[in-house]
Each structure stands twice: as structure tokens, then as C-alpha cells.
Amino acid sequence: MFSALRHATLSLLLAVVMIAPASADPRLAEGTTLVENLVERIQTVVAAEPTPEEVRAETNAIIDEFFDYNTIARFAAGQAWRKATDAEKAEYKLAFREVLLSLAETQFEQFRTLEYTSKDAVAKGNKLIVASGMVHDITGKYPDSVVSWRISTRPGKPIKIIDIEVENISMLITQQQENTAIIRQNGGKFQALIDALKEQAQSIKTAE
Amino acid sequence: MRKLLSVMTLVLAGCSATSPEIVSDNRDPYENTNRKVFEFNMAVDDVVLEPVARGYRALPDGVQTALTNHATWTSYPSTAVNSTFQGKYENAALATIQFLINGLTLGFADLTENDDDPEPEDFGQTMAVWNVPQGDYVVMPLLGPGTTRSHVGWVVDAVTNPLGFMGEPTADTIRMASTPTSIVTFRGNNYEQINDIKYNAIDPYAKTRSLYFQYRDGQIVGLNSAAPSDADKAFDDFLDEN
């Protein structure tokens, strides 16, 4: 009898030990909560009928609070980042941020009709997790889409979003490949990317 | 068959070979030529496609849905055949059933009201499953972006479309109209997104190329694949180095 009891206890312990690491990764719940908080924050801002200036200020705050802007900017610059001077890097970061803010100003209203439901989160090694969810447009204009959020979970650093992927299309990979093309088409000049970003921000504002 | 397709893909790649060019992506060795074709396609979009897509969007929602349904329906025979080639028998059965049932209305109405639609499959995807190399990125006049493999696949799909073997004038007309219908519904249903690339991107050509490769990889590997994607690997490497 004791043998049977010991066998059952050992089996139970073994099962707990095997299941525990997968279900106890705190990064997954943390990442899901981060995304849900971001969505809630955006919905609160949209509901307050903000002016363009308020949208800009809120977007600036949202970028700093929820996104790892430095990592995003560096990744988007591609390999050219390493050869850029400190002055170019600083100018590029400002120009890139300006593009994001200009886009937010013109497209923020689109969030009004979107609903987000968290689905799941998976770990991709010890520095990255991907949280996924479903976006539903209440007007029915757009079909439901799966959205994945790549979240950096580097030990000792705050957990932050670094990429958004819709139907296998990564926003940041797209931006990086576009930026790389600009630099290579202009003989490897990093300044060409900065100029193009400034021009883009201006053209988005003009088109408003 | 697979060897023959590999050879066809390589020949098509060779036909478009030019002198070495400075390129911004190694998958795109004919970038300078491709950019010119892309500009031509954008000019056609300005004059023809964008205005037609605007007209499509002005149609009542029901008419837009019917046209989209019809365009999807005409792709089911190809999906059924290619799913079979890839061993995706459930998808093949689903495409066949939906083609037969919705065929009662020529595909304009979705009589099945089934949320579980078949995944689109084409011969380019079949060749990918057969490990035929994707070849180089080539922008074709009017047809748009693709790789040598996907363009060969498009030709094979067009030639072997089961609608073409039915011998019925109606089936032949549907087959002939399917490409323009698909192009117009695609442009209309993705109007804002395409215009965003066209008017807001810093380099619309490079952005289109990037979107094409990522979207196509998703189609081939499967959006729900558990394997790490190329993007996952790229981010993982980046976070390791920084």
C-alpha cells in the first residue's frame, strides 16, 4: 500500500514539476497585461475626442510608456546604424519619431471602431515573448485580424513592446527593409534616410 | 515534374538577367529593372485601377460582397487541385464542396455561410512545398510583384484551371473574367492600405517588396505554424547583439 501511495505521490510531483515551468512563466501574463493596458489607454484617449495636439502629446507618452523606442529605432535603421555618427543617430531618432507622431495624428481616429481581445502569449527564448489577440472592427468594414505583439523581456530591463505583426507582416521588419533600401539606393549615406524621413513626416502633415 | 519546374524557374530567372546592379535586397538582383516596371504599374494604377477601385467602393455593400465572393469562388478549383498536390486533403474537400454549392449562384452568394473557409492555395505554394527554389524577385507588368517561382505557378494555374476544361462557354467566360475581377476586388478591398503605401511610404517599391515576401512566407509556412518565423529569428539575433 505504501509503495502504491509513494508511486502516486511521485507521479503527481513529477507532473507538477513538468507542467509548472510552462505555465508559470510570469512574462506571458505580464506581456498580455501590457498590451491590454495599451489598448485601454488608446480607447480612453479616443473616447475623450482629443485635438490633434492632444493626440500628439498622448502618442508621445504612449510610445515612452509602452514601447522600447530606442530598440525600435535601432532595429529599423538596419545595419547602417553601426556606421552612423552619434549626431546622425540622434537626428535620425528625432526624424523617425516625428514620422510616428505624424502618422498617429492622422490615423488615431481609426482606433475608435476597433475592439481587441487577447488570445494567448508564447515565449520565444528568454528575451522575447509574443502576445497575440484578435482585432474586430465593429463597423464590419475590415475582417477580423490576428495581431501579434513582440515584447522585449530582457533581464533587468523593463518589459516593452518592440513590434506589431498583422497576418505575418511585421511593421518593424517592413520599416527596416524600406529604410535599408533608401540607404543603399543612396550609396550607403545614412543622411539620405534622415532626409527621407523628414520629407515623409512633412508630406503626411501636408496631406492631412 | 519537380525537376522540370525547377528548370523552368531557373530559365525564367536567366531570361531576366542583366548586368550586375547595385541592389538594396539580395533577393532582388534585377532591382533597377523591377523599379521601372513598378513605376509603370503605378502609372496604370493611377489611370485605371485606383479610379475603378473607387467606383467599386461606391457600389452598395451587397454588390461588393457578391463580387468578392465570386472572385474567391473562381479560385476554388485551383485551391482544390493544389491542396491535393500538397496533401492538404481536408482543404481540398472544403474548396470542392464550396465550389459546387456556391456554383448554383456562380459564386456570387455564399450559400454555405461557413466560417471555416478554405485556405487559398496556388501552384507557387505547391512548388514551395516540393522544395523548388523561390528564385529571384520579379515585378511583372500589370501582374505585379512575385518571384520566378510564383510567376511560373501563376502561369501553370492559369493554364490548368479546371474551369477551362469544362467546354462550356459560360465556364470559359468566367475563367477569362476571373483575373480582372480578382484584381479589381483586391484593389477595392485594400484601397486604404494600398494608397497608404503608394502615397505615404518613403520608398513604395521597397515597402511593397518587403510586404510581398512577408505575406507570401505566411501563406507558404502557414500563419499558425509553431516554428519560429524569420522575423522571430531576426529579433532574437538583434536582442542578442544589443
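Worth saying up front: this structure is predicted, and the values here are computed from it rather than measured. (Residues numbered from 1 in each chain as written. Chains lettered and ligands numbered in written order. Predicted model: local features only at pLDDT ≥ 70, side-chain atom pairs only at ≥ 80, totals over all residues. Heavy atoms only, no water.)

## Quick notes on the pattern of salt bridges
Residue and element names in this part refer to chain B. Evaluation of the coordinates by the stated rule reveals 31 salt bridges over all chains. Across the salt bridge formed by aspartate 45 and lysine 198, the nearest N and O atoms sit 2.5 Å from each other. Within this pair, whereas aspartate 45 is found in helix 2 (residues 31-58), its partner lysine 198 is found in helix 8 (residues 191-200), the two being separated by 153 residues in sequence. Note on accessibility: aspartate 45 and lysine 198 belong to one class, buried. Among the ionic pairs, lysine 198 bridges to glutamate 50, the shortest N-O distance being 2.6 Å. Here lysine 198 is found in helix 8, whereas its partner glutamate 50 is found in helix 2, with 148 residues between them in sequence. Because the salt bridges share partners, they merge into one network encompassing Asp25, Arg27, Asp28, Glu31, Arg35, Asp203 and Arg209. (Salt bridge = Lys/Arg side-chain N within 4 Å of Asp/Glu carboxyl O. Helix = DSSP H or I, 4+ residues; strand = E, 2+ residues; numbered from the N terminus. Buried < 20%, exposed > 50% of the residue type's maximum accessible area, 1.4 Å probe, protein only.)

## Considering unusual backbone geometry
Phi is positive for glutamate 167 of chain A, close to 50°, though the residue is something other than glycine. Inspection of the secondary structure assignment puts glutamate 167 of chain A in the loop between strand 4 (160-166) and strand 5 (169-170). Phi angles above zero are rare outside glycine, and leucine 106 of chain B is one such case at about 55°. Note on placement: leucine 106 of chain B falls in the loop between helix 4 (89-102) and helix 5 (123-129).

## Things to note about helix 6 (residues 148-160) of chain B
In a regular helix each residue adds 1.5 Å, so 13 residues correspond to 18 Å; helix 6 of chain B covers 18 Å between its end C-alpha atoms and thus fits that length. Those residues of helix 6 of chain B that fall on the buried side of the exposure criterion are Thr148, Arg149, Ser150, His151, Val152, Gly153, Val156 and Asp157 of chain B. (Expected span 1.5 Å × (residues − 1).)

## Concerning a nonpolar patch on the surface
Where nonpolar side chains cluster on the molecular surface, the patch consists of Ile97, Leu100, Ile101, Leu104 and Leu111 of chain B and spans about 510 Å² of accessible area. Tracing the sequence through the fold places leucine 111 of chain B in the loop between helix 4 and helix 5. (Patch = residues over 30% accessible without salt bridge, like charges linked within 9 Å, V, L, I, M, F, W, Y side chains within 5 Å. Areas by Shrake-Rupley, 256 points an atom, 1.4 Å probe, with all protein chains shown as cover.)

## Regarding the confidence of the model for chain A
For chain A, the average pLDDT comes to 88, and 88% of its residues sit at 70 or higher. Confidence drops under a pLDDT of 50 for residues 16-22 of chain A, and excluding neighbours within four residues, the segment shows 1 contact in the predicted structure. (pLDDT = per-residue confidence, 0-100. Contact = heavy atoms within 4.5 Å.)

## Regarding the pairing of strand 4 of chain A
Residues and elements named next belong to chain A. Among the 7 residues in strand 4, 5 count as buried, and that is most of the element. When strand 3 (residues 145-152) meets strand 4, the two strands line up antiparallel, connected through 6 bridges. Residue serine 148 lies in a different strand from strand 4, and its bridge partner there is glutamate 165. Where strand 4 and strand 5 come together, 2 bridges link them in antiparallel fashion. When the sheet's bridge partners are listed, valine 166 is paired in strand 5 with isoleucine 169. (Pairing = 2+ DSSP bridges.)

## Remarks on the packing of aromatic side chains
Under the definition given, this model contains 17 aromatic pairs over all chains. A centroid spacing of 5.9 Å and a plane angle of 90° characterise the contact between tyrosine 116 of chain A and tryptophan 149 of chain A, whose relative ring orientation is edge-to-face. Highlighted residues: tyrosine 116 of chain A in strand 1 (residues 114-123) and tryptophan 149 of chain A in strand 3, separated in sequence by 33 residues. Here tyrosine 116 of chain A and tryptophan 149 of chain A have matching classes, each one buried. Ring plane angle 55° and centroid distance 5.8 Å describe the contact between phenylalanine 85 of chain B and tryptophan 130 of chain B, whose orientation is recorded as tilted. Of the two residues, phenylalanine 85 of chain B sits in helix 3 (residues 61-85) while tryptophan 130 of chain B sits in the loop between helix 5 and strand 1 (137-140), which places them 45 residues apart along the sequence. For phenylalanine 85 of chain B, a relative accessible area of 41% corresponds to the partly exposed category. With a relative accessible area of 15%, tryptophan 130 of chain B lands in the buried category. Among the aromatic side chains, those forming a connected cluster through ring pairs are Tyr69, Trp81, Tyr92, Phe96 and Phe190 of chain A. Just above the ring of tyrosine 69 of chain A sits the side chain of arginine 97 of chain A; from NZ or CZ to the centre is 4.8 Å. Here arginine 27 of chain B stacks its cationic end above the ring of phenylalanine 213 of chain B, 3.9 Å away from the centre of that ring. (Phe/Tyr/Trp six-rings, centres within 6.5 Å; stacked < 30°, edge-to-face > 60°. Lys NZ or Arg CZ within 6 Å of the ring centre and 35° of its normal.)

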